[in-house]
Amino acid sequence: FLNCSSVETLDVSNWNTANSTTMYGMFLGCRKVSVLNVKNFNTSKVKNFVGGNPDWDGLFTGCTLLKSLDLSGWDITGATDIRNMFRLCESLEYLNISTWNGSNIQKTRNMFSGCKSLLTLDMSSFDFSSLTDYGAMFYGITSDGTIYVKDDNSKTFVNKLNSNVNCVIKNA
């Protein structure tokens, strides 16, 4: 679907992705897609969510009209690099990655950069301790948005990167 220019609604939730090891750029530049269902993707074997140009090639980079995305069923434990994954998803208001552990993730640079409409981001299971490359991870998220995290260390980390964001410890 790279740079698809006419698709507005896409339901690929029933695709068999059980043997996929890479997904970088799959929806890169799908500027007109406003509804995307990938909820049932099996990502347990995916090692690579970033392409040949790690400064740009994120999975959903440039999906400027996408409003909501539920990736809570995705297993990202095998991945180490998720840079730019949602970069420039300017209309994205709701993103559920509440089950993502992230303990093996090292690179998240620009992950949410330009997500200026993001109202709810649940990262309450995410472990930030292994990150080594995380610059501009939350760049562009405004005070209207809320990021849910699991503990004080996570809250401190998020606020260090973006002091304007409303960061809340979930179930606190």
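Residues numbered from 1 in each chain as written. Predicted model: local features only at pLDDT ≥ 70, side-chain atom pairs only at ≥ 80, totals over all residues. Heavy atoms only, no water.

Visitor: Got a minute to help me understand the overall build of the protein chain in this structure?
Guide: A tally of helices and strands in the protein chain yields one helix and seven strands. Starting at the N terminus, the α and β elements of the protein chain follow one another as β-β-β-β-β-β-α-β. Taking 16 Å as the expected radius of gyration for a compact globule of 172 residues, we find that the protein chain reaches 15 Å, a close match to that expectation. Its C-alpha atoms give the protein chain principal-axis dimensions of roughly 40 × 30 × 30 Å. Across the 172 residues of the protein chain, 48% fall into the buried class. Roughly 7,800 Å² of accessible area belongs to the protein chain as shown, and the carbon and sulfur atoms make up 44% of that amount. Distance between charge centres in the protein chain, computed from 15 positive and 15 negative side chains, equals 3 Å. (Helix = DSSP H or I, 4+ residues; strand = E, 2+ residues; numbered from the N terminus. Rg over C-alpha atoms; globule rule 2.2 N^0.38 Å. Buried < 20%, exposed > 50% of the residue type's maximum accessible area, 1.4 Å probe, protein only. Areas by Shrake-Rupley, 256 points an atom, 1.4 Å probe, with all protein chains shown as cover. Lys, Arg positive; Asp, Glu negative; His and termini not counted. Charge placed at Lys NZ, Arg CZ, Asp CG, Glu CD.)

Visitor: When you look at the pairing of strand S7 (residues 166–169) in this model, what are you seeing that I'm missing?
Guide: Along any regular strand the residues' side chains alternate between the sheet's two faces. As paired strands, strand S6 (residues 146–149) and S7 are joined by four bridges and run parallel to one another. When the bridges of S7 are listed, Thr146 appears paired with Asn166. (Pairing = 2+ DSSP bridges.)

Visitor: Is there a simple way to think about the nonpolar core in this case?
Guide: Note that soluble globular proteins tend to have their nonpolar side chains buried in a common cluster. Counting residues in hydrophobic clusters, the biggest one holds 48 residues, and the most contacted among them are Phe60, Phe86, Trp100 and Phe112. For this core, the secondary-structure elements that each account for two or more residues are S6 and helix H1 (152–161). Not counting chain neighbours up to four residues away, the residues in contact with Phe86 comprise Phe60, Leu69, Leu71, Leu95, Trp100, Met111, Phe112, Ser113 and Cys115. (Core = buried A, V, L, I, M, F, W, Y, C linked by side-chain atoms within 4.5 Å. Contact = heavy atoms within 4.5 Å.)

Visitor: Sorry, what's going on with the confidence of the model for the protein chain here?
Guide: Caution applies to low-pLDDT parts of the model: their predicted coordinates are not meant to be read in detail. With 98% of its residues at a pLDDT of at least 70, the protein chain reaches an overall mean of 90. At the low end of the mean pLDDT range in the protein chain sits strand S5 (residues 120–122), at 90; at the high end sits strand S2 (residues 35–37), at 95. (pLDDT = per-residue confidence, 0-100.)

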